[in-house]
Amino acid sequence: MATEPINQAGDAAGLAAMIARASEQTGDGTRGLPPVERWNPPFCGDLDMEIRADGTWFYMGTPIGRAPLVRLFSTVLRKDEDGRTYLVTPVEKVGIRVIDAPFVAVEMQVAERDGAAVLSFRTNVGDVVEAGADHPLRFEVFGENRELKPYLLVRARLEALVSRAVMYDLVALGETQEIDGEAMFVIRSGGTVFPVMPQAELDALAT
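1. Observations concerning the pairing of strand E14 (residues 182-189)
Relative to E14, strand E13 (residues 175-179) runs antiparallel, the two being bridged by five bridges. Along E14, the bridge assignment pairs Glu-178 with Ala-183. In sequence, E14 turns back onto strand E15 (residues 192-198) through a hairpin of two residues, with Gly-190 there showing a positive phi of about 60°.

In structure tokens:
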């Protein structure tokens with residue numbers, strides 16, 4: 001079945017319909033995430049779509065207000081080895097702009113398993129991810145104000161920026177542990193230790 005190319009779609013709803021039709025043609029059904037890592041379509045140019053730092057999606061300069069559309073687009077995102085993020089279907093690949101991370105972690109739940117803490121995060125597009133060896137946390141410090149920004153790997157190079165509100169709850173779970181002879185402030189989840197920064201640096205930021 002022929003469809004209009006993604007990068008010529010006239011509106012977000014039309015674009016979503018094309019992506020849905022293309023995904024259905026793979027024969028993989030509609031359960032779970034599309035197997036975008038197995039698709040190798042040609043690059044068909046860039047699309048005027050942008051994901052802002054707060055997780056808001058824009059198409060042709062207009063916010064996409066319908067959550068189901070954003071969720072659909074998020075399922076066909078792929079970040080390739082070139083560092084760019086694309087919308088991918090079985091028949092074409094188009095580039096989009098991502099200001100920070102494609103997802104935002106907006107909620108965190110703390111549980112216990114085998115006596116150890118397990119941190120689970122919900123993203124703004126509905127993914128639920130358990131931080132651990134397969135979904136590591138990493139921490140960056142940005143800007144003149146030395147702002148701490150945690151990131152969680154959601155899938156295949158695609159990360160979620162932990163929102164500021166959740167970040168405060170996350171940091172409250174931290175502890176000090178010696179790593180390679182240095183006192184480090186760390187977060188634990190799923191039996192994995194994630195270094196945040198040297199404890200001395202954290203103490204300096206807090207003063």
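What follows picks up the thread again.
2. A word on the nonpolar core
Met-49, Ile-64, Phe-73, Leu-87, Phe-121 and Leu-137 are the most contacted members of the largest nonpolar core, which totals 46 residues. Considering every element that reaches this core, the biggest residue donor is helix H1 (residues 12-24), with four residues. Setting aside chain neighbours within four positions, we find Leu-87 in contact with Ile-19, Leu-47, Met-49, Phe-73, Val-76, Leu-77, Glu-92, Lys-93, Val-94 and Ile-96.

3. Here's the deal with the sheet that holds E15
One key point about sheets: their strands pair by backbone hydrogen bonds, in either a parallel or an antiparallel sense. Here three strands make up an open sheet; going across it, the order is E13-E14-E15 and the pairing antiparallel. Either end of the sheet is taken by a strand with one partner, and the two such strands are E13 and E15. Sheet twist, expressed as the mean angle between neighbouring strand axes with direction ignored, is 50°. Strands E13, E14 and E15 of the sheet are contacted by helix H4 (residues 199-206), whose axis makes an angle of about 55° with E15.

Conventions we followed
- Residues numbered from 1 in each chain as written.
- Predicted model: local features only at pLDDT ≥ 70, side-chain atom pairs only at ≥ 80, totals over all residues.
- Heavy atoms only, no water.
- Pairing = 2+ DSSP bridges.
- Helix = DSSP H or I, 4+ residues; strand = E, 2+ residues; numbered from the N terminus.
- Core = buried A, V, L, I, M, F, W, Y, C linked by side-chain atoms within 4.5 Å.
- Buried < 20%, exposed > 50% of the residue type's maximum accessible area, 1.4 Å probe, protein only.
- Contact = heavy atoms within 4.5 Å.
- Axes fitted to C-alpha atoms, helices over the stretch in contact; angles between N-to-C directions.

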